[in-house]
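Now for the letters of each chain:
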Amino acid sequence: MKYLTHPLTIAILLAFNGGVVDTAGFLGLHGLFVAHVTGNFVTMGAAIIGGGHGFIGKLLALPEFVVIVALARLAGTAMRRRNWPAMPILFVTKILLLITFTVMAIWHGPFSDGDSSIALWTSAAGVAAMAMQTAVQRVHLADMPPSTMMTGSTVQATLDAVDLLTRAHPEQRAATRARLGRLCCTIFAFACGCAISALLFSYVGFWCLLLAVIVAMCATDLQSSR
């Protein structure tokens, strides 16, 4: 398949990973989206009205996400100035954060109180891992669809499909078809990650995050072979 070049394969693996981690976080951390900042605004608003645990974690997720993305940007810039391999180093950092999240979630979960200190530290590790993944992809795989934000991808895929069906902008038809293929691959991968994570979580709880660690390692290995 001509679309399955290394960058797209990496993007597919990262999107699958995003679905796995986000779903596990939502199910095990009282509705926390570790990779989807917008979702935390919704669940935080619902917690204000309806009560429930996890309000503090949702409140802290946005500033933490912003800080980690900023640090990833600064670190990547500094490493490139020194001719260091920024992308592999940042990917490995993401894996270490993901392993930390996985170990803490398995060891201390399930969490009866999403606002307890250990639940907040566990949430912070998960948010940091996904923020790092998002930042690295936006910088180093900028031509690929995002791995954690599916709303924009779905909108663009719909627009591209309509343009192809109506034969609009014929001069851009090849580029539109290629972009639609990439978008469909990552959207499908994210959806599969969500479904598999939910199924595994119902049987083994946070142990399902081991799948995310393995997939992240595969993506990193593939990137290093480019």
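Everything below is about the structure shown above.
Residues numbered from 1 in each chain as written. Predicted model: local features only at pLDDT ≥ 70, side-chain atom pairs only at ≥ 80, totals over all residues. Heavy atoms only, no water.

### Things to note about a nonpolar patch on the surface
Where nonpolar side chains cluster on the molecular surface, the patch consists of Ile196, Leu199, Leu200, Tyr203, Val204, Trp207 and Leu210 and spans about 700 Å² of accessible area. Counting residues per element, the nonpolar patch draws most heavily on helix H7 (residues 173-204), at five residues. With respect to the helices and strands, Leu200 occurs in helix H7. Given a relative accessible area of 31%, Leu200 falls into the partly exposed group. (Patch = residues over 30% accessible without salt bridge, like charges linked within 9 Å, V, L, I, M, F, W, Y side chains within 5 Å. Areas by Shrake-Rupley, 256 points an atom, 1.4 Å probe, with all protein chains shown as cover. Salt bridge = Lys/Arg side-chain N within 4 Å of Asp/Glu carboxyl O. Helix = DSSP H or I, 4+ residues; strand = E, 2+ residues; numbered from the N terminus. Buried < 20%, exposed > 50% of the residue type's maximum accessible area, 1.4 Å probe, protein only.)

### Looking at the packing of aromatic side chains
Using the criterion set out here, one finds three aromatic pairs in the structure. Centroid distance Phe26 to Phe33: 5.0 Å. Interplanar angle 40°. Geometry classified as tilted. When the ring of Phe201 is compared with that of Phe206, the centres are 5.4 Å apart and the planes differ by 90°; the resulting orientation is edge-to-face. With respect to class, Phe201 is no different from Phe206; both count as buried. Clustering of aromatic rings is evident, with ring pairs tying together Phe111, Phe201 and Phe206. (Phe/Tyr/Trp six-rings, centres within 6.5 Å; stacked < 30°, edge-to-face > 60°.)

### Some thoughts on the environment of Gly25
The residue Gly25 is located in helix H1 (residues 6-28) in this model. Taking the C-alpha atoms as reference, Gly25 lies 9.3 Å from Val127; in sequence the two are 102 residues apart. Those residues in contact with Gly25, other than ones at most four positions away along the chain, are His30, Leu32 and Val34. (Contact = heavy atoms within 4.5 Å.)

### A word on helix H4 (residues 86-108)
Taking 1.5 Å per residue, 23 residues should reach 33 Å; H4 reaches 33 Å between its end C-alpha atoms and fits that length. Taken as a whole, H4 has its buried residues at Ala86, Met87, Leu90, Phe91, Lys94, Ile95, Leu98, Phe101, Thr102, Met104 and Ala105. (Expected span 1.5 Å × (residues − 1).)

### Remarks on the side chain of Ser123
Looking at the element boundaries, Ser123 is found in helix H5 (residues 117-140). By relative accessible area, Ser123 is classed as buried at 6%. Ser123 has contacts with Leu29 and Leu32, leaving out every residue within four places of it along the chain.

### Description of helix H3 (residues 55-81)
Under the 1.5 Å per step criterion, the end-to-end length of H3 is 40 Å for 27 residues, consistent within 8% with the ideal 39 Å. By the largest-angle criterion, Ala61 marks the main kink of H3, which is about 35°, and a proline, Pro63, follows within four residues. Among the residues making up H3, those that are buried are Gly57, Lys58, Ala61, Glu64, Phe65, Ile68, Ala72, Gly76 and Met79. (Bend = angle between axes of the 7 residues up to and from the residue.)

### A closer look at the nonpolar core
In this structure, Ile10, Val21, Val34, Leu98, Phe101, Phe206 and Leu209 are the most contacted members of the largest nonpolar core, which totals 55 residues. Only H1, H3, H4, H5, H7 and helix H8 (209-224) provide two or more residues apiece to this core. What Phe101 contacts, discounting residues up to four positions off in sequence, is Val21, Leu29, Val34, Thr122, Ala125, Gly126 and Leu209. (Core = buried A, V, L, I, M, F, W, Y, C linked by side-chain atoms within 4.5 Å.)

### A few points about the packing of H4 against H5
Each pair of packed helices can be summarised by the angle the axes make with each other and by the distance between the axes. Across the interface, H4 lies against H5 with an axial gap of 8 Å and an inter-helix angle of 155°. The angle between H4 and H5 places the two elements in the roughly antiparallel class. Along this stretch, H4 crosses H5, giving a crossing that reads as left-handed. Taken together, the residues of the contact of H4 with H5 break down into 17 nonpolar, seven polar and one charged. (Axes fitted to C-alpha atoms, helices over the stretch in contact; angles between N-to-C directions. Parallel < 35°, antiparallel > 145°, perpendicular 65-115°, else oblique. Left-handed = near helix turned anticlockwise from the far one by under 90°. Nonpolar A, V, L, I, M, F, W, Y, C, P; charged D, E, K, R; others polar.)

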